[in-house]
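Close look at the chain arrangement
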Amino acid sequence: MQFASRKKKLVSNPKTELYTEPLQFYGQPPLENISLSEFEAFAVDRLRLLKTVENSGVSMVKRGDDYKKKLESELKALDFPYREDVEEPEKRRKDHISHFILRLAYCQTEDLRRWFIQQEVDLFRHRFKGLSPKQKLEFLHKNNLQYNTISGEEKEQLKNELLNSSHGVSGVSLEHDFYKVPFQDALDLVRTRKVYLKEGYAYIPQSEIVAIVLNDFRTRLSKALALTARSLPAVHSDERLQPLLNHLSHSYFGQDYSGQKNVGKISLEQIDSLAGKSFPLCMRQLHKALRENHHLRYGGRMQYGLFLKGIGLSLEQALQFWKMEFIQGKVDADKFDKAFAYNIRHMFGKEGKRADYTPYSCMKVILSNPPSQGDYHGCPFRHSDPELLKQKLQFYKVSPSGVNQILELVKGMHYQLACQKYFELTHNVEDSAFSLSHPNQYFIESQKLLGGGKDVKRETETPQRSQENSAAKGPAAAREPAAVESQHLAEMTANLETDFLKTDF
Amino acid sequence: MSSSDYDPACLPDLLPLYYRRLFPFAQYYRWLSYGGVQKSYFQNREFSFTLKDDIYVRYQSFSTQNELEKEMQKMNPYKIDIGAVYSHRPNQHNTVKSGSFQALEKELVFDIDMTDYDDVRSCCSAADICSKCWTLMTIAIRILDRALRDDFGFQHLLWVYSGRRGVHCWVCDEAARKLSAAARSAVAEYLSLVKGGEENVKKIVLTDPIHPFIGESLSVVEHYFPQYALQEQDILGRRESVDKVLALVPEDVRRELQQFFQNERNPEKRWKLIKDQARAKQTTAKKRHFDKEIMLQYCYPRLDINVSKGVNHLLKSPFSVHPKTGRISVPIDLKDLDKFDPFAVPTISLICEELDQLKPEEEQTKSEDSKEKENEKDTAEKRKNRDYKRTSLAKYVKHFDQFLDGLARSWKGELLRKSDLQKEF
């Protein structure tokens, strides 16, 4: 019997009896009391973990060995369960509690939820795959996922279809069981067409049951977050928790480049030259398409419009800018005011639910809303044909060796590194000295380097700002300890940011 | 048959007539109330109207068919969109606690727009269509209809002509209406093969093994390809088109084909050469499918995923008028799909004119009817309900009726089940 020789003085913790399962769906919230410092520490560690999951997901192939090793080492370093065959109730407890804490921080907006769900699903996938076949079956049964297998005759009848639809899966043979599952329960497999569909049912080989489980996990988590959001007001009224939760969700976004500081510092006449000098390739492409076609579709307007907001265009300037362009196309002034002005005001939070939308980060541009026919948005390093990308780079006077370096990075799926290389080559520097994660960041760094014109400040005030905000609320007396708490946390999370900015992935 | 010349400036005069005498309100209500299986289904449905001068109003909702009729006759919308069924009456959404007003259900919808094919059609571009490129819609409907039925198990599909350059599909099964946004997105992605925007030359790459869905879709495309692509679009005729096709073929094969083409002008023979090359390469390490990839890139349906994803997405309503062309968004009968001609679809001016021409005849038959006095009160109603039957709109409403009959059979089962549960006798 092992006794953890740490701060805990308990001889045997009855709570560890709860943690007999290597993996769970997080159906039940933890019911114990914990100290505020443990609360914080657990939350920050899990956030670190999820950020590693995110970064690894973008720069590595998700089922590859590199990915597995990276996650395993991170889990180990942060004291989370990393080997499901070893009984580690303490770590499982941390896993359980930290998950629920982050739910509180990440249930508030659609974006936060989406991010949280994505990382938790990826983490879950990694851990589920680490289970032995026996553990997997146990998991299925314990969680009431009873799916039906198909009969031998049906298998024989559908032989060809079954074999031809499971190419993504290794080792699929007709000897194994096939499960017949309603397609709504196997969305990940349906989406990627990795499964045979007939009359609304997906025919899943035993080895692919992971996808089903993930789908289930995702759905449950999504519902749970919606419920959590409703009880948030009660949680926020606890002054010890509110600053902490705010910091957690802000440190995800980190610098959101919402451009509040920079409004009015750019003039419309500068845009063309700025596009050539300081815009990342994606925005340069959008700007060019806009100038040439006098039009951009919705996806392009959002990506480019929000970027412009981030570099400092005001609403009035934006309206003028887009109108000037569209009028030269097929849109007359009236139609612009009716159809497109609304969209632009919406971007600035002046319509609809009045959300002030933030410019898209690289992650968002790369991973969501891929461009289709007639679109110019997306990330050129991710979404363009290598041939066309090469031509474009050559057109923008990148040296042949530079082009090759970039193409190599693209091949390895390091899109942000490719963009950074583009930055280095076009600005004539050896090392960009920053880790690119946002188009507006590219712009700011470029302007800094070029000694540029207006006062473009780096937004490092996020922790202090939140502190001010939370200090502004609530009775003065209770503010004292909370302010100290939040400052401490601000430091912790600021460190988190810089650590990640330094990560080369 | 040519439609009366439609002039958008006449819409303000035509619309009132359309909404008073021709719009099939009874069928429309029958559809959207879905047999009354779910309480308030119709009442909680969002409609949006585009009025004169591009005024757009959302969150319209109605308690009864009568109210819908009266409102539409009052507002005379230029365009009508149908949205989701919400948790509360949309026209009261401002009174609902924020966060509680949610879109709950909606038909699964698809929108195929001809402009998305501009890179592969030579006859038209942008908003134009012609009989040559319309085949693309025929192919799209065949492929998607089969997949939605055979693969996904849906049964109640309503295909509608959008009025100008495309088609919409409304999947009305209960299971479809209850799908989450994630599920809709998954279905749409399953059905998407053509990937890539301006920056991609090659938009489809097939790898072995070929999924049964792709196999089925290819069969459909292969049926239409020779006539549509080789003849009508002449993709292997003119120099630029040939170059575009060859750009989709691996470099080594391209050079060989370019040489062959020097001596072979016939498009069918050229196509055979391409196919032969693909087969020839299959004996080496990896199979090559560039012939199939070409067919798919030129013909496979291109859907706008964003339309299908959202539960709350608003889509143009069937029987809505298209303000630019005047054409009515009519349901398409798949039994006559190959004969469907978008230019034969009635315009609002045509059917209004047909209505005007009927009046004298109608007066005659009425006076000959001896039961006239008894039914006087009803005739006004009946006349209104029968009016569309005497115009070119008739066959489309009839088809819609048949579609609704099919749907109704599914409601009966539901209602029975429900009353059993409640032990109503």
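Values in this document were obtained by computation on a predicted structure and should not be read as measured data. Just so you know, the residues in each chain are numbered from 1, in the order the chain's sequence is written. Here every chain gets a letter starting at A, and every ligand a number starting at 1, in the order they are written. With the structure being a predicted model, the display of local features is reserved for residues of pLDDT at least 70 and the display and counting of side-chain atom pairs for 80 or more, all residues being used for whole-chain, interface and lining totals. As a rule here, side-chain values come from all non-hydrogen atoms in the structure, and water together with hydrogens is ignored.

**Some words on the overall build of chain B**
We apply this condition: Strands here are runs of E lasting at least two residues and helices are runs of H or I lasting at least four, both read from the DSSP assignment and numbered beginning at the N terminus. Residue burial is assigned from relative accessible area. The probe radius is 1.4 Å, only protein chains are included, and a residue is buried under 20% of its type maximum, exposed over 50%, and partly exposed in between. Any pair of residues with heavy atoms lying within 4.5 Å of one another is described as a contacting pair. What sets the accessible areas is the Shrake-Rupley method with a 1.4 Å probe; for residues, cover comes only from the shown protein chains.
A count of helical and extended segments in chain B gives 15 helices and eight strands. Looking at chain B residue by residue over its 425 residues, the buried ones come to 53%. Here the analysis covers contacts within chain B between residues at least 6 apart in sequence; of these, 71% occur between residues at least 24 apart. By element, 48% of the accessible surface of chain B is carried by carbon and sulfur atoms, the whole surface being about 19700 Å².

**Examining the packing of helix H12 (residues 271-278) of chain A against helix H13 (residues 281-293) of chain A**
All names here are of chain A. Spelled out, the test is: A fitted line through C-alpha atoms represents every axis, and for helices the fit uses only the stretch in contact; the resulting angles, taken between N-to-C directions, go from 0 to 180 degrees. Whether a crossing is left-handed or right-handed is set by the direction in which the near helix is turned from the far one by less than a right angle, anticlockwise for left-handed and clockwise for right-handed.
Across the interface, H12 lies against H13 with an axial gap of 9 Å and an inter-helix angle of 145°. Remark: the crossing between H12 and H13 carries left-handed chirality. Mapping the contact onto sequence places Ile 271, Asp 272, Ala 275 and Gly 276 in H12 and Arg 284, His 287 and Arg 291 in H13.

**What about the pairing of strand S2 (residues 56-60) of chain B?**
All names here are of chain B. Stated precisely, the cut-off is as follows: For two strands to be treated as a pair, DSSP must find at least two bridges joining them.
Where strand S1 (residues 45-50) meets S2, three bridges bridge the pair, whose relative direction is antiparallel. Counterpart to Thr 50 in the pairing with S2 is Tyr 56. Counting the residues between successive antiparallel strands, the hairpin from S1 to S2 contains five residues, one of them, Asp 53, with a positive phi of roughly 60°.

**Quick look at the side chain of Asp 119 of chain B**
All names here are of chain B. The condition is simple: Distance and chemistry together define a polar contact, namely a pair of N or O atoms within 3.5 Å, with one atom able to donate a hydrogen and the other to accept it when in protein, and with adjacent residues in sequence counting only for side-chain atoms on both sides.
Relative to the helices and strands, Asp 119 is located in the loop between strand S5 (108-113) and helix H4 (134-151). For Asp 119, a relative accessible area of 17% gives the class buried. For Asp 119, the side chain forms a polar contact with the side chain of Arg 302, separated by 2.8 Å.

**Focus on the packing of aromatic side chains**
Residue and element names in this part refer to chain A. Here is the rule we go by: Centres within 6.5 Å make a pair out of two Phe, Tyr or Trp rings, where for Trp the six-membered ring is used; the pair is then stacked when the planes are under 30 degrees apart, edge-to-face when over 60, and tilted otherwise. In this analysis the charged atom, NZ for Lys or CZ for Arg, is taken to sit over a ring once it is within 6 Å of the ring centre and within 35 degrees of the ring normal.
Evaluation of the coordinates by the stated rule reveals 55 aromatic pairs over all chains. A ring pair is formed by Tyr 196 and Tyr 203, whose centres lie 5.7 Å apart and whose planes are at 45°; its orientation type is tilted. Judged by relative accessible area, which is 10%, Tyr 196 ranks as buried. Between Tyr 304 and Phe 321 the ring centres are 6.3 Å apart and the planes differ by 65°, which places this aromatic pair in the edge-to-face class. With Tyr 304 in helix H14 (residues 298-311) and Phe 321 in helix H15 (residues 315-327), this pair connects stretches of sequence that are 17 residues apart. Across the pair, Phe 321 and Tyr 304 agree in class, each one buried. The side chain of Lys 94 reaches across the aromatic face of Phe 80, ending 5.0 Å from its centre.

**A short note on the interface of chain A and chain B**
Rule in force here: Buried area adds together the accessible area that both of two parts lose upon being put together, with accessible area traced by a 1.4 Å probe. Any Lys or Arg side-chain nitrogen located within 4 Å of an Asp or Glu carboxyl oxygen qualifies as a salt bridge.
Of the residues lining the interface, 33 residues belong to chain A; the matching set on chain B comes to 40 residues. Here chain A packs against chain B, burying approximately 2800 Å² in sum over the two surfaces, 53% of which is carbon and sulfur. For the chain A face of the interface with chain B, the top three residues by lost area are Arg 191, Arg 193 and Gln 373 of chain A, together amounting to 28%. Joining chain A to chain B, the criterion identifies two salt bridges.

**Here's the deal with the sheet that holds S5 of chain B**
Residue and element names in this part refer to chain B. An order of S5-S7-S6 is seen for the three strands of this open sheet, with the pairing classed as antiparallel. Pairing within the sheet leaves two strands with one partner each, and these edge strands are S5 and strand S6 (157-161). Pairwise comparison of adjacent strand axes, ignoring direction, gives a mean angle of 15° for this sheet. Summarising the sheet, S5 and strand S7 (residues 166-171) pair through six bridges and their orientation is antiparallel. The residue bridging Asp 111 from the neighbouring strand is His 168, located in S7.

**Observations concerning the pairing of S6 of chain B**
Counted residue by residue, S6 of chain B has five buried out of five residues, so it is predominantly covered. Both faces of S6 of chain B are covered, namely the face carrying Leu 157, Trp 159 and Tyr 161 of chain B and the face carrying Leu 158 and Val 160 of chain B.

**Overview of the nonpolar core**
The tendency in soluble globular proteins is for nonpolar side chains to be buried as a group. Put simply, the test is: Throughout, nonpolar core names a set of buried Ala, Val, Leu, Ile, Met, Phe, Trp, Tyr and Cys residues whose side chains join them through atoms within 4.5 Å. Domain delimitation follows an automatic or database domain assignment.
Counting 192 residues, the largest nonpolar core has Tyr 18, Trp 31 and Leu 191 of chain B as the members making the most contacts within it. Here this core spans two domains, and each of domain 1 (15-139 + 214-250) and domain 2 (145-212) of chain A adds at least three residues to it. Once you skip the residues sitting within four places of it in the chain, Leu 191 of chain B turns out to touch Arg 193 of chain A together with Phe 110, Leu 144, Ala 147, Leu 148, Phe 152, Phe 213, Tyr 300 and Leu 303 of chain B. Tyr 304, Phe 326, Ile 344 and Phe 348 of chain A belong to the second-largest nonpolar core, a separate cluster that totals 55 residues.

**Topic: the UniProt feature "binding site: [4Fe-4S] cluster" (unreviewed entry) in chain A**
All names here are of chain A. Heads up, the condition is: UniProt positions are given in the numbering used here, feature names are shortened, and annotations may be inferred rather than shown by experiment.
Within the UniProt annotation, "binding site: [4Fe-4S] cluster" (unreviewed entry) is assigned to Cys 282, Cys 362, Cys 379 and Cys 419. These annotated residues cover 138 residues of sequence, but their C-alpha atoms sit close together, with the largest distance between any two at 10.0 Å. Residue contacts for Cys 379: discarding those within four places in its chain leaves Val 365, Ile 366, Ser 384 and Tyr 415. Tracing the chain through its elements places Cys 419 in helix H21 (residues 415-427). Cys 419 gets classed as buried once you look at its relative accessible area, which sits at 9%. In contact with Cys 419, other than residues within four places in its own chain, are Pro 280, Phe 381, Leu 436 and Tyr 442.

**As for unusual backbone geometry**
A cis amide bond links Asp 208 of chain B with the next residue in sequence, Pro 209 of chain B, at an omega value of -10°. Its location among the elements puts Pro 209 of chain B in the loop between helix H6 (181-190) and helix H7 (212-232). Not every positive phi belongs to a glycine, and Asn 428 of chain A is a case in point at roughly 60°. As for its position among the elements, Asn 428 of chain A is in the loop between H21 and helix H22 (439-449).

**Overview of the state of the cysteines**
Covalently bonding the sulfur atom of one cysteine to the sulfur atom of another cysteine gives a disulfide. Residue and element names in this part refer to chain B. What counts is decided by this rule: When two cysteine sulfur atoms lie within 2.5 Å, the pair is treated as a disulfide.
Scanning all chains against the criterion turns up zero disulfides over all chains. Cys 169 takes part in no disulfide bond, and the closest cysteine sulfur to it belongs to Cys 172, at a distance of 8.1 Å. Here Cys 172 falls in the buried class, since its relative accessible area comes to 0%.

**Re the sheet that holds strand S1 (residues 148-149) of chain A**
Sheets are built from strands paired through backbone hydrogen bonds, the pairs being either parallel or antiparallel. Residues and elements named next belong to chain A. Read across the open sheet, the four strands follow the order S1-S2-S4-S3; overall the sheet is antiparallel. The sheet is open, and its two edges are formed by S1 and strand S3 (196-198), each paired on a single side. Of the strand pairs in this sheet, S3 and strand S4 (residues 201-205) are connected by three bridges, and their pairing is antiparallel. Across the sheet, Leu 197 pairs through a bridge with Ala 202, a residue of S4.

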